[in-house]
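Here's the letter readout for the chains.
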Amino acid sequence: MTIDDIILKTTKARLNRADAEACCQQEQISSEAFCDEFARRVATGYTSQSFSFADAASAMNGLWFGFQFQVPKFAESVFRSFDAGECHPKTPHLSSDEVSRPLVESLLHENAA
């Protein structure tokens, strides 16, 4: 199973840690590298409109809870960008997308590979 397969699966259900571990072994990457690449692909898919806000937020929630809140800084920042869009009481007139999209775009710009 590839990272992209896992992302698609995680838009519907919490991340299966065994899938992530198998992918890491197959790709010969660390779990930290997996988390960051997962987050980067979700963020990129969201900004290119391949993923809706709901699917991207679901995928990041799946990663966050699947790794029991133990993700590297970049992946956590992407998660928090979507989390901000889910709950923004100081700006109730803005949509989730209007809150999260600029945060995600900024993260991708700051962390361009």
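Notes on the structure follow. Computed from a predicted model, the values in this text were never measured in an experiment.

1. Examining the environment of G85
Tracing the chain through its elements places G85 in helix α5 (residues 73-86). Look at G85 and you get buried, because its relative accessible area is 0%. On a C-alpha basis, the gap between G85 and R14 in space is 19 Å, while along the polypeptide they are 71 residues apart. The residues touching G85, leaving out its near neighbours within four places in the chain, are F53, S96, V99 and S100.

2. With respect to the packing of aromatic side chains
With the rule as written, the count across this model stands at 8 aromatic pairs. Ring plane angle 70 degrees and centroid distance 4.9 Å describe the contact between Y46 and F82, whose orientation is recorded as edge-to-face. Taken together, the positions of Y46 in helix α3 (residues 31-47) and F82 in helix α5 put the pair 36 residues apart, joining distant regions of the chain. Each member of the pair, Y46 together with F82, is buried. Here the aromatic rings of F53 and F82 are separated by 5.8 Å at their centres, their planes lie at 50 degrees, and the arrangement is tilted. Of the two residues, F53 is situated in helix α4 (residues 53-66) and F82 in helix α5; the sequence distance between them amounts to 29 residues. Its relative accessible area of 18% is what places F53 among the buried residues.

3. Thoughts on the side chain of T11
Along the chain, T11 turns up in the loop between α1 (3-10) and α2 (17-27). Within the structure, T11 has its side chain in polar contact with the backbone oxygen of L8 (distance 2.7 Å). Dropping the residues within four chain positions of it, T11 is found in contact with D55, S58 and A59.

4. Overview of the nonpolar core
Membership of the largest hydrophobic core comes to 32 residues, with the highest contact counts inside it found for F34, F38, M60, L63 and F82. Of all the secondary structure elements, the ones that give two or more residues to this core are α1, α2, α3, α4, α5 and α6 (96-110). Excluding anything up to four places from it in sequence, M60 contacts F38, A39, V42, A75, V78, F79 and F82.

5. So, α3
Here α3 spans 24 Å end to end across 17 residues, near enough to the 24 Å set by a 1.5 Å rise per residue. Those residues of α3 not exposed but buried are F34, C35, F38, A39, V42, A43, G45 and Y46. One face of α3 carries all of its buried residues, which in axial projection span an arc of 165 degrees. Structurally, α3 contributes buried residues whose contacts are with α1, α2, α4, α5 and α6. Just downstream of α3 lies Q49, where phi reads positive at about 70 degrees.

Here is what the cut-offs are and how they apply
Residues numbered from 1 in each chain as written. Predicted model: local features only at pLDDT ≥ 70, side-chain atom pairs only at ≥ 80, totals over all residues. Heavy atoms only, no water. Helix = DSSP H or I, 4+ residues; strand = E, 2+ residues; numbered from the N terminus. Buried < 20%, exposed > 50% of the residue type's maximum accessible area, 1.4 Å probe, protein only. Contact = heavy atoms within 4.5 Å. Phe/Tyr/Trp six-rings, centres within 6.5 Å; stacked < 30°, edge-to-face > 60°. Polar contact = N/O pair within 3.5 Å; in protein donor to acceptor, adjacent residues only side chain to side chain. Core = buried A, V, L, I, M, F, W, Y, C linked by side-chain atoms within 4.5 Å. Expected span 1.5 Å × (residues − 1). Arc of directions from axis to C-beta.

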